[in-house]
Structure formats: C-alpha cells, structure tokens
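Architecture and fold: a report
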Amino acid sequence: MSGAPLHIVLSQADWCSLFGHYLLLSLLSVGGAISTTTEMHRYLVLEQGWLTQSQFNDSVAIAQASPGPNVLFVALMGWNVGLNAGSYAAAFAGVVVAMCGILIPSTCLTYMAARWARLHRDKLGVRAFKQGMAPVVVGLMVSVGITLGSAHRDFALDWPLWLLSVVAGILIWRTRIHLLWLLAAGALLGWLQLV
Amino acid sequence: MTEDQPRPASLTDLFMSFTLLALQGFGGVLAVVQREMVERKRWLTQEEFIEDWAVAQVMPGPNVVNLSLMIGDRYFGLRGAMTALAGILTVPLLLVLCLAVLHSHYANHPGVAGALRGMAAVAAGLIAATGIKLASALRNHPLPAWFSGAAAVLCVALLVVFKVPLAWTLLLLGGTCVGLTYRILKTRSLKAATP
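Remember, it's a predicted structure, so these values are computed and weren't measured experimentally. Here, residues in each chain are numbered from 1, in the same order as that chain's written sequence. In the order they appear in the text, chains get letters beginning with A and ligands get numbers beginning with 1. Given that the model is predicted, a residue must reach a pLDDT of at least 70 before its local features are reported, and side-chain atom pairs must reach 80 or more before they are shown or counted; all residues, however, enter totals for whole chains, interfaces and linings.

**Digging into the overall build of chain A**
Using the following cut-off: By definition, any uninterrupted DSSP run of H or I lasting at least four residues is a helix, any uninterrupted run of E lasting at least two residues is a strand, and each is numbered from the N terminus. This entry defines residue contacts through backbone-placed C-beta atoms, with two residues in contact when those atoms are within 7 Å.
Each helix and strand in chain A was counted, giving nine helices and zero strands. When the elements of chain A are put in sequence order from the N terminus, they spell out α-α-α-α-α-α-α-α-α. In terms of its C-alpha atoms, chain A occupies a principal-axis envelope of roughly 55 × 55 × 25 Å. For chain A, the proportion of contacts with a sequence separation of at least 24, taken over those separated by at least 6, is 52%.

**Description of the interface of chain A and chain B**
Note the threshold: Charged means Asp, Glu, Lys or Arg here, nonpolar means Ala, Val, Leu, Ile, Met, Phe, Trp, Tyr, Cys or Pro, and polar covers whatever is left, Gly included.
On the side of chain B, 90 residues touch chain A, which itself brings 79 residues to the contact. Breaking the side of chain A that touches chain B down by element, the ones donating at least two residues are α1 (12-28), α3 (53-65), α4 (72-84), α5 (88-119), α6 (124-132), α7 (134-150), α8 (155-174) and α9 (179-191) of chain A. Counting residues per element, the side of chain A that touches chain B draws most heavily on α7 of chain A, which supplies 16 residues. Per-class residue counts for the side of chain A that touches chain B are 50 nonpolar, 25 polar and four charged.

**Some thoughts on the packing of helix α6 (residues 145-161) of chain B against helix α7 (residues 166-193) of chain B**
Residue and element names in this part refer to chain B. For clarity, the cut-off: Geometry is summarised by axes, namely lines fitted to C-alpha atoms with helices restricted to the contacting stretch, and by angles between N-to-C directions that run from 0 to 180 degrees. An angle below 35 degrees is treated as roughly parallel, one above 145 as roughly antiparallel, one from 65 to 115 as roughly perpendicular, and anything else as oblique. Helix crossings are classified by the rotation of the near helix relative to the far one: an anticlockwise turn of less than a right angle makes the crossing left-handed, while a clockwise turn makes it right-handed.
Relative orientation of the contacting elements α6 and α7 amounts to 165°, with a least axis distance of 10 Å. Here α6 is positioned roughly antiparallel relative to α7, judged by the angle of their axes. The way α6 lies across α7 gives a crossing that is right-handed. In this structure, α6 contributes Ala-151, Leu-154, Cys-155, Leu-158 and Leu-159 to the contact, and α7 contributes Leu-166, Thr-169, Leu-173 and Cys-177. Tallied by class, the residues present in the contact of α6 with α7 amount to eight nonpolar, one polar and no charged.

**Topic: the nonpolar core**
This is how the line gets drawn: Structurally, a nonpolar core is described as a collection of buried Ala, Val, Leu, Ile, Met, Phe, Trp, Tyr and Cys residues joined by way of C-beta atoms within 7 Å. In this scheme every C-beta is placed from the backbone, and a residue whose C-beta has 20 or more other C-beta atoms within 10 Å is buried, one with 12 or fewer is exposed, and one in between is partly exposed.
Judged by nonpolar contacts, the single largest core of 119 residues is most densely connected at Val-74, Ala-75, Leu-76 and Val-137 of chain A. Of all the elements, helix α4 (residues 63-106) of chain B adds the most residues to this core, at 15 residues. Contacts of Val-74 of chain A, omitting those with residues within four sequence positions, involve Ala-33, Ala-98, Met-99 and Ile-102 of chain A.

**Some details on the domain arrangement of chain B**
Residues and elements named next belong to chain B. Keep this limit in mind: An automatic or database domain assignment is the source of the domain bounds shown.
Under the domain assignment, chain B is made up of domain 1 (1-140) and domain 2 (141-195). Centre-to-centre separation of domain 1 and domain 2, based on C-alpha positions: 26 Å. Opposite the five residues of domain 1 that make contact, domain 2 presents six residues. Along the lines of polarity and charge, the residues of the side of domain 1 that touches domain 2 split into three nonpolar, one polar and one charged.

**A few points about the domain arrangement of chain A**
The domain boundaries assigned to chain A delineate domain 1 (12-119) and domain 2 (133-191). Centre-to-centre, using C-alpha coordinates, domain 1 of chain A lies 28 Å away from domain 2 of chain A.

**Section: α8 of chain A**
What counts, and what does not: Fitting one axis to the seven residues ending at a residue and another to the seven starting there, the bend at that residue is the angle between the two axes.
Of all the bends found along α8 of chain A, the most pronounced is centred on Leu-161 of chain A and spans about 40°. When we look at burial in α8 of chain A, the residues that qualify are Leu-161, Leu-164, Ser-165, Ala-168, Gly-169 and Ile-172 of chain A. Buried residues along α8 of chain A sit in contact with α7 and α9 of chain A together with α5 (110-134) of chain B.

**Topic: unusual backbone geometry**
At Gln-193 of chain A, a residue that is not glycine, the phi angle is positive and equals roughly 65°. With respect to the helices, strands and loops of the structure, Gln-193 of chain A is situated in the segment after α9. On the neighbour-count criterion, Gln-193 of chain A (12 C-beta atoms within 10 Å) is exposed. A positive phi is found at Arg-42 of chain B, a non-glycine position, where the angle reads about 60°. One can find Arg-42 of chain B in the loop between α2 (29-40) and α3 (46-58). Note on Arg-42 of chain B: 12 C-beta atoms within 10 Å, which makes it exposed.

Here's what the structure looks like:
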C-alpha cells in the first residue's frame, strides 16, 4: 500500500467498536455496501484515524479491479486496519471483524424476508411487489452498465474503449460465448495498449 | 419452479458454481449470475431471477450476496444459503487479499493498468447487455408492455441523466409500478373469482 505508514494500537474496545460500526452500516446498506462508503470514510479515516486516505482509496480501487462482489472492499479496509496495528494476524482479524459485521445483519434480514416472501408468494401484495419491480430492475441494470462504461472517459480520446464495450455487449446479447474469453480479450487489448 | 427445471446436483455443485461465477465478475457479478444461472445452467427462469432480485435489491446488504443466499436457499434451505454465500465470497476474498499485497509492486505497470481498463470496458458492456436481455421478460408482465418499457427507460434517465439517488428511484418509480401491478392483479383475480 502506498502512503505514509500508519502505526496504531487497537484495544479490545476498539475492535468491538469497529465490529459494532459495521453491524450498524450493514443495516443501512440498502443498494449495496458501496452506498455506505462515505460513512466508512468518516469513521475510519477522519474520526478514528485507523486508515490513511490512500489506503482507503486503494481498498475501494483494488476491490473493483478484482473479480467477485464489490463488498470485498470492506475486507480490504479491515485488512489494512489490522496491518496498521502491526501484524498479519491482526490483519486477518480485521478481515473477519469487518466482513462479519457488514454481512451478518443484512444477510439474516434478507434470509427472513426471502423466506417470508416465498411462504406468502400467492398473496397479491407479494406478487405485485416482485413483478411490479421488474421494469425498475431492468432499468437499473442498464444504468449500471452505462455508468461503469462512461466513468472518467473522454469520448474523442477513448472511443476504442467504447467500441470494446459495445462489441462485448452485442456478443453477450446475441451469443452464448463464455465470459472469460471476452474478459481475456479485453485484458489482452488493454495490455497491448490498443484500447 | 417446475419439475423438469435443472437444479444444482449437490452442495458441492452449488459452491463451485458460485465460486466460478464470482471469479468472472469484474464490477458486475449480478450480470454473471444472470448469464450462468438463467442462460447456461437454467436453474432459474428470467422471471424468477427478476423477482428474486427485486427482494435482494430492496433489502440491506450487497445485492449479489443477497441473491446468492436466496438462490442457495431455494434448493437446499439454510445449508444451501450458507454454501452459496461461502462460494461467492471465499475464493474472491483470498484473491483480493493477494492482489492487495501485490498491488504496491505492480500498480504502476502500464500493461497491468491497461489490462484492467480493458476488462472494465468488457464488464460495462456485459452489464448493459444483461439489462437489455432482461427486458424480454417484460413482455409477460401484468403491466402493458409500452408502460413497463417506458418505466425502464425512465429509470435509466433518472439514474444516469438526472443522478437521482437510487433509494428515491426505487421508492417512487418502483412504488408506482408495484401499485399499478397490484391493481391489475387484483382486477384479474376478481374477474377469475366471478365467472
């Protein structure tokens, strides 16, 4: 990690506070853990001083660049807090504390809600909710694609990237080609500086 | 769920399937879930996917984590839910930690940065294409096709052009769609009850 090294001492109360904070954030994370990033920044960087600004930024960026759910950026924050406390053991503890904190409450709630919805799936209200949300679900997916595709890009300069996105999109829409081939092709084109 | 619909053969199958799909998801695991679960393995229909997603999205927590939990639960109950969750998180978590350790050494290599850029462009295309494919499910929707189509377009406009927060979009647009769907379903069920 870049940035000036940070050395902190974490007491048992600090670990509990970290855990408690993530438990709370979990309940607020409607729309994904990423929507609580601002609050995590306030708590970890500004209030407690457990992470440097660049560690915080890198945690988000690396998790985005890595395969898997975006929520893993929370694990990296825990990892870095632990590293700052001085050891790999603490870093692993940080991962466990942060991930359990961010996942347990939301997961339990969702599990119960899903069970309830399945049990009452013939009720009019449940059917109306699940089916009624469909247009929004479709719109949301397209929006995420557009937002990701257009982040920090100047069309005149970056048209090959746009072209790559569009070609990949059409191939995925129209064929059953395996995704990993497309990702590998994208990685290769990028490595060779063609896009 | 119908009788002849394919389903995961075992918990191991479930775990491996979720691990593999998580590893294909750069920035958008949800789109990979749709491609793997609906199109390739056919464990879910397009409609079931959208309905489960509606629940996963409005509950707190990462939506793809919530969705995996629900898909696992659908087939193997609590054990399945935990297995799917472990599948989508374990290997990506180890990978992201390795990346964090490597990051400081290779972050400035132009090839690495280019490869990440290329993969991100493919991922953006994937997500937008998934949205377009999901739109086909709107044809069987209780709401008239022109209306649900317009709602999906409006959703994109609100989120991408006007930058309305997700929570408001879900509440207002989603709420409207759910309300109208409720009325249509209610009228239908009344008609069915009084021949």
